[in-house]
Amino acid sequence: MNATEPIGSAPKLDLAAIRTKLNGVRGQDYWRSLEEIAETKEFRDMLHREFPAGASEWWDGLSRRNFLKMSAATMALAGLNACTKQPTREIYPYVKQPEGMVLGEPLYYATSMLLGGFATGVLAKSREGHPIKIDGNPEHPASLGGSSVWMQTSILNLYDPDRSQTVTHNGDISTWDLFLSDLNNLLAENRADRGQGMQFLTETVTSPTLAAQLNGLLKQFPAAKWRQYDPITRDNIRDGARLAFGQFVETHYEFDKASVILSLDSDFLYTHPQRLRYTRHFVDGRRISAGKKEMSRLYVVESTPTVTGTMADHRLPMESGAIENFARLLAQNIRVVPQSATVPLSPAANQFLNALVKDLRQHHSRSIVIAGEWQPPIVHALAHLLNDLLGNSGNTVFYTESAEANPVNQLQSLRELVGEMKAGQVKTLFILGGNPVYSAPADLEFGKYLANIPRSIHLGLDQDETAALCTWHIPQTHYLESWGDARAFDGTVSLMQPLIAPLYDGKAACELLGAMNHQQPIQSDYEIVRAYWQSQNPWPDFEVGWRQAIHDGFIAGTRAAAIQTRVKEGFDDLAQKPSRPGELEICFRPDPSLWDGQFANNGWLQECPKPANKLTWDNAVLISPSLAERLKLSVNDVVDVGFQGRTVRGPVWVMPGQAPNSITLHLGYGRTRVGRIGADVGFNAYQIRTSKFLWFGSGATIVATGKSHLLVATQTHFQLESPERQIYRSTSLAEFRAHSDTIQKSVEAPETAETLYYPAEYPYQGYKWGMSIDLTACVGCNACLVACEVENNIPVVGKEQVHKAREMHWLRVDTYYKGPLDNPQFNHAPVPCMQCEHAPCELVCPVEATVHDSEGLNAQIYQRCVGTRFCSNNCPYKVRRFNFLQYTDYHTPNFKPMNNPEVTVRWRGVMEKCTYCVQRIASARITAEKENRRIREGEVRTACQQACPAQAIVFGDLNTAGSKVAELKGQSLDYSMLGELNTRPRTTYLAKVTNPNLEIATQD
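Residues numbered from 1 in each chain as written. Predicted model: local features only at pLDDT ≥ 70, side-chain atom pairs only at ≥ 80, totals over all residues. Heavy atoms only, no water.

What to know about the packing of helix H11 (residues 323–335) against helix H12 (residues 347–362)
Just so we agree on the cut-off: Convention adopted: a line fitted to C-alpha atoms gives each axis, helices being fitted over their contacting stretch, and angles between N-to-C directions are expressed from 0 to 180 degrees. Only runs of H or I of at least four residues qualify as helices and only runs of E of at least two qualify as strands under DSSP, and these elements are numbered from the N terminus. For classification purposes, an angle smaller than 35 degrees is called roughly parallel, one larger than 145 roughly antiparallel, one from 65 to 115 roughly perpendicular, and anything else oblique. Helix crossings get a hand from a simple test, with the near helix turned counterclockwise from the far one by less than a right angle marking a left-handed crossing and a clockwise turn marking a right-handed one. What makes two residues a contact is simply this: any of their non-hydrogen atoms within 4.5 Å. Each residue receives one of three labels: charged for Asp, Glu, Lys and Arg, nonpolar for Ala, Val, Leu, Ile, Met, Phe, Trp, Tyr, Cys and Pro, and polar for the others, Gly being one of them.
Interhelical geometry of H11 versus H12 gives an angle of 45° and a closest axis separation of 10 Å. Looking at the two axes, H11 sits oblique to H12. When you trace H11 past H12, the crossing you get is right-handed. On H12, the residues that touch Phe326, Leu329, Leu330, Asn333 and Ile334 of H11 are Ala349, Phe352, Leu353, Leu356, Val357, Leu360 and Arg361. Grouping the amino acids of the contact of H11 with H12 by side-chain chemistry returns 10 nonpolar, 1 polar and 1 charged.

As structure tokens, then:
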């Protein structure tokens, strides 16, 4: 992390004055940032400025005057060679078209993506032999058609020019054949001593084929060992189940069947392996309409705001170390029998607890208690106990065997490996994926002992920190380049098939292990996977079953069966760890964008604003407003964070809703060996993460350094000027039940006749496209934002340009806070182009580059645009983007196959915006016209709609009778953002409905 930044600084804020101001807020008052409430001079200037700061300059140091001078010189020089004849180049036609390929027509393949070892089914779109888009597989139980930010942006990892491209030996370029020769010598040496000193280190493995290979090698070499470690380890979940049941069982939740849900520090909507399925089911239990007036209620207790926490009806900020005490008190109150000593809660927490206990009791067998993976095993065991006491087991909660091939305690497994490395007992170490030199706990000093191993073999996508210390490094294939298999969280076997040949001659893990079996010739990944399933005989006719499984992307009927289990007695009598009041707690969490660091070189993810605070291109030391006041710290102040004798330096971010005495560091930044995108970005929180305190611990210290580092967030960008206008709307379930027919009456749109347009209402005879966004359903996960980027070839601009509010996202997700500074309510609103019927942008364009078409789309004609930016200034929604510089990389060959050929790749100097994915509309229209029919309902889905795991976005034809979008726009919750301006947007919203507990609400 660079401790000083030349691109600006943030004003100091009076947090006490902000808190006082918010305490007097009543009604529908929303706020987006601390600067807005403080009404700083910088914020007011930004709000009223016609264009962002620096918008008049092409780049730093070049003014308009200098640009004109350079232009004159350039034109003069151009005249010297204007008549030069360009060299002749030959082009070649596609004479022999591959079978099954129709040029211009996309093909779709079902495959699977792994994250944390578990598979999620995807549909990959391919054009002329190269994949260009990834979406969820609607038939796969783990995705149900939804997407995550990691799924959508994984296409960029495939084409990343910084990926590992060659086999290396001791840092020098080598070949696969030379590696095989060395491997044969290695096997010969180890066969005599039965593999003594040989070990395999993997991440979480759910692949049946890979597990069979590893177990087969352990039989050949009985003294060898298989170790596992994933930095986002699920050890607490495993150990909690063993503590509660005496065995490891996987827990599954039916959120759509629950009336009351309690999350104990669990971000089940974002970090859980079943995140997409759980999001769909959770939102299904919360959707509200005139015909459905019941919805679930969510309570969240957590230390730092998460995606799940932002969806809570009631959220209690609490230090992670104090949640065990809360869970014990909850269990005692449910059972009405004190079992162990507990610490009294604060008045606010006690009020929260009492209302929660009553609510859970009233919804017996219709509730869920879920604990987060960062909580210790005792909290998971208490969650199992509570689900048992509340009658949830077998109703909303059920258990199966684990999908993991070898469900061990991974931290203990890594400890044992490092211990043997330190003792010199490891002669050969195979590291199959992962980057343990970077991500292993700091106290284990994995890299120090790895360097002393005589022979180490690393298989990975990148020449990362681990590859640098290994004897051999083998480039690994991307999941879109290889065959494979893995299980989803529910046990369903998912298949992986390649859409493109390996770009850099990489090898899959199964190929590397297959090379150790002395099979000649060495089998390909396809042959290995097929042979394994042929040996399992899963279908009466293997060929028919195999082809069907490849077509579907998974093997039907392989979901793990539910098992019966009972909670053991007495485990909750274990002594509670004594709390140390007053000490700072430090928490480590996977980054919402970079996860554990494996996506550090992905520009789309680096620039994706984090869901809760909208930070980009950095991680930060997240602290609460009260702690910032106590320590006299402000945003951008650089501090030294000390923990367990180790120190890391990072900038401060004041986070509303953070637990008062807790600081949070996100993992995944500060990489030392990474591509050009992730280099010198953020600080490495792994440096102070120890094996004893993997997720949190007390005793942290913060010391100000007197330096500053500019953090760039998009929260204040494109601010809509008047907060009193109808921007974000919400209501409670009780209000909706009482006034469902008249709920939208606070701000009325102007009368139809009040318009300067002629005719006032255009008679659309054909299609009339529109969109509805359900604010109750939106979880703020950013899947829509990155899906729009991938679909429309939207470039990355970098931190400096984002600081100038020049990010190119055609769709943004605004977060509005409501309520007190220390524990506000979070509200998310996706904001694409509104496709206004009476569009202010169209009136001011001098060249008619932005026009209205006969189907209601506000179209953008790039060839006409001359860059006046009048349209952007006249847009009340601030959804138009101007590419000030040449952001798109036209020159790197690797990126060219990634671009969607159906969308123009824009040069600099033109305005860009959402057009409802007009290319998808055009494609559907061509198909419909060929078949002499209208476009069917649901035949066109925008990229954002398709990606949304919550199905919060609905798009369609308003002229189609019974269309879903027309039905939603007819609901009483429907409203137009800034509707009083009479722009008549085609994109409207369903107001957010919350379900607060009235006992808590009346006591607030």
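The discussion continues.
A closer look at the sheet that holds strand S6 (residues 198–202)
Sheet strands pair via backbone hydrogen bonds, and the direction of the pair is either parallel or antiparallel. This is how the line gets drawn: Strand pairing follows a simple DSSP-based rule, namely that at least 2 bridges must link the two strands.
Read across the sheet, 7 strands follow the order S5-S4-S16-S15-S14-S6-S7 without closing on themselves; strand pairing throughout is mixed. Each end of this open sheet is capped by a strand with a single partner; those strands are strand S5 (172–173) and strand S7 (225–228). By the bridge criterion, 2 bridges tie strand S4 (residues 168–169) to S5 in an arrangement that is antiparallel. Across the sheet, residue His169 finds its bridge partner in S5, namely Asp172. Strand contacts of helix H7 (residues 208–220): S6 and S7, with the helix running at about 145° to S7, the strand carrying the most contacts. Contacting S6, S7 and strand S14 (428–432), helix H14 (residues 410–422) crosses the sheet at an angle of about 125° to S7.

Here's the deal with the environment of Met771
We apply this condition: Relative accessibility under 20% of the residue-type maximum defines a buried residue, over 50% an exposed one, and the middle range a partly exposed one, all with a 1.4 Å probe and only protein chains included.
Relative to the helices and strands, Met771 is located in strand S29 (residues 769–774). A residue is classified by how much of its surface remains accessible, and Met771, at 2% relative accessible area, is buried. Considering only alpha carbons, one finds Met771 and Pro985, 214 residues apart in sequence, at a separation of 9.4 Å. When sequence neighbours within four positions are dropped, the list of residues in contact with Met771 reads Pro832, Tyr916, Thr942, Cys944, Ile953, Val954, Phe955, Val965, Lys969, Arg986, Thr987 and Thr988.

Describing the pairing of strand S2 (residues 118–127)
Here S2 lies mainly inside the structure; 9 of its 10 residues are buried. For strand S1 (residues 107–115) and S2, the ladder comprises 9 bridges, and the chain directions are antiparallel. Along S2, the bridge assignment pairs Met113 with Thr120. With antiparallel pairing between neighbouring strands as the criterion, S1 and S2 make up a hairpin whose turn holds 2 residues, including Gly116 at a positive phi of roughly 70°. Pairing of S2 with strand S3 (residues 130–136) involves 6 bridges; the strand directions are antiparallel. Counted as the bridge partner of Ala124 is Ile134 from S3. Following S2, the chain reverses through 2 residues before pairing antiparallel with S3; Glu128 in that reversal takes a positive phi of roughly 50°.

Regarding the pattern of salt bridges
Spelled out, the test is: Whenever a carboxyl oxygen of Asp or Glu lies within 4 Å of a side-chain nitrogen of Lys or Arg, that contact is scored as a salt bridge.
Applying the stated criterion to the full structure yields 43 salt bridges. Linking Lys133 and Asp135 is a salt bridge whose minimum nitrogen-to-oxygen distance equals 3.2 Å. You can call Asp135 buried: its relative accessible area is 6%. Arg227 is the salt-bridge partner of Glu416, the closest N and O atoms lying 2.6 Å from each other. Of this pair, Glu416 sits in helix H14 while Arg227 sits in strand S7, and the two are 189 residues apart along the sequence. Salt bridges sharing common partners tie together Arg234, Asp235, Arg238, Glu250 and Glu404.

Brief notes about the pairing of strand S12 (residues 367–371)
The element S12 is largely enclosed, with a buried count of 5 among its 5 residues. The two faces of S12 match: Ser367, Val369 and Ala371 on one face and Ile368 and Ile370 on the other face are all buried. Alignment of strand S9 (residues 260–264) against S12, held across 5 bridges, turns out to be parallel. Within the sheet, the bridge partner assigned to Ser263 lies in S12 and is Ile370.

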